Amino acid sequence: MKDEAEGEQNQVNFDLTEEQKLLKHTIRDFAEAQIAPGAGARDEAARFPTELIPKLAELGLFGIMIPQEYGGAGLDTVSAAIIVEEIARVDAAVGHPGRLLDKHDPLGLEPLGIGGDV
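Computed from a predicted structure; not experimentally measured.

A. Layout of the overall build of the protein. The helix and strand inventory of the protein stands at 7 helices and 0 strands. Counting every position in the protein, which comprises 118 residues, the buried fraction comes to 25%. Within the protein, contacts between residues at least 6 apart in sequence are counted, and of these 58% link residues at least 24 apart.

Here it is, written out as structure tokens:
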């Protein structure tokens, strides 16, 4: 009986927080309204939608996991995954983890946060 009670205490909660649910809804609405239109044509032309960069920046989608005191969003890993997932759902070229959003933090900004003088 004791092992069963300990097992229940050690269970991981995979439910999204209220903030993460709101983020998911916000990013999904944005992606469907701003990214999905024209995704097929961009894919056919093998063109990255650079015109979306200011819109992504306006939503705070660069510096997702950079602390707020350094100008980032200060979000957690689950929130970052939600953002990439919701954008990739409508256009994999924009939301693909090897592209713009996912590489901006770890390759460009994270090294500054770890070893830089910021």
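B. Here's a closer look at the pattern of salt bridges. A full pass over the atoms with the stated rule returns 7 salt bridges. For Glu86, the salt bridge identified is with Lys24, shortest N-O distance 3.8 Å. Highlighted residues: Glu86 in helix 5 (residues 77-90) and Lys24 in helix 2 (residues 18-35), separated in sequence by 62 residues. Two residues, Glu32 and Arg89, come together in a salt bridge whose shortest N-O distance is 2.6 Å. Separated by 57 residues along the polypeptide, Glu32 in helix 2 and Arg89 in helix 5 bring together distant segments of the chain. On the accessibility criterion, Glu32 (40% relative accessible area) is partly exposed. Sharing partners across several salt bridges, the network here consists of Lys24, Arg28, Glu32, Glu86 and Arg89.

C. Inspection of the side chain of Arg42 at higher detail. The topology assignment puts Arg42 in helix 3 (residues 39-44). Aside from chain neighbours lying at most four places away, what touches Arg42 is Ile35, Pro37, Arg47, Pro49, Glu51, Leu52 and Asp91.

D. Quick look at unusual backbone geometry. Although it is not a glycine, Ala46 adopts a positive phi angle of roughly 55 degrees. With respect to the secondary-structure elements, Ala46 resides in the loop between helix 3 and helix 4 (53-58).

E. Layout of the environment of Glu51. Within the fold, Glu51 resides in the loop between helix 3 and helix 4. Owing to a relative accessible area of 42%, Glu51 belongs among the partly exposed residues under this scheme. For Glu51, the side chain forms a polar contact with the side chain of Arg47, separated by 3.1 Å.

F. Seen up close, the nonpolar core. Core analysis: the biggest nonpolar cluster contains 16 residues, and Ile27, Ile35, Leu56, Leu61, Ile83, Ile87 and Val94 have the highest contact counts within it. Mapped by element, the contributors of at least two residues to this core are helix 2 and helix 5.

G. Seen up close, the packing of helix 2 against helix 5. At a minimum axis separation of 9 Å, helix 2 and helix 5 run at an interaxial angle of 25 degrees. The orientation of helix 2 relative to helix 5 falls into the category roughly parallel. The element helix 2 and its partner helix 5 pack so that their crossing is right-handed. Contacts between helix 2 and helix 5 pair Gln20, Leu23, Lys24, Ile27, Arg28, Ala31, Glu32 and Ile35 from the former with Val78, Ser79, Ile82, Ile83, Glu85, Glu86, Ile87, Arg89 and Val90 from the latter.

H. A look at helix 2. Across its 18 residues, helix 2 extends 25 Å between first and last C-alpha, which sits within 8% of the 26 Å expected from 1.5 Å per residue. Turning to helix 2, its buried residues number three or more, namely Gln20, Leu23, Ile27, Phe30, Ala31 and Ile35. One side of helix 2 carries all its buried residues, which in axial view fall inside an arc of 100 degrees. Along helix 2, the residues that are exposed and aim more than 90 degrees away from the buried face are Glu18, Leu22 and Ala33.

Here is what the cut-offs are and how they apply
Residues numbered from 1 in each chain as written. Predicted model: local features only at pLDDT ≥ 70, side-chain atom pairs only at ≥ 80, totals over all residues. Heavy atoms only, no water. Helix = DSSP H or I, 4+ residues; strand = E, 2+ residues; numbered from the N terminus. Buried < 20%, exposed > 50% of the residue type's maximum accessible area, 1.4 Å probe, protein only. Contact = heavy atoms within 4.5 Å. Salt bridge = Lys/Arg side-chain N within 4 Å of Asp/Glu carboxyl O. Polar contact = N/O pair within 3.5 Å; in protein donor to acceptor, adjacent residues only side chain to side chain. Core = buried A, V, L, I, M, F, W, Y, C linked by side-chain atoms within 4.5 Å. Axes fitted to C-alpha atoms, helices over the stretch in contact; angles between N-to-C directions. Parallel < 35°, antiparallel > 145°, perpendicular 65-115°, else oblique. Left-handed = near helix turned anticlockwise from the far one by under 90°. Expected span 1.5 Å × (residues − 1). Arc of directions from axis to C-beta.

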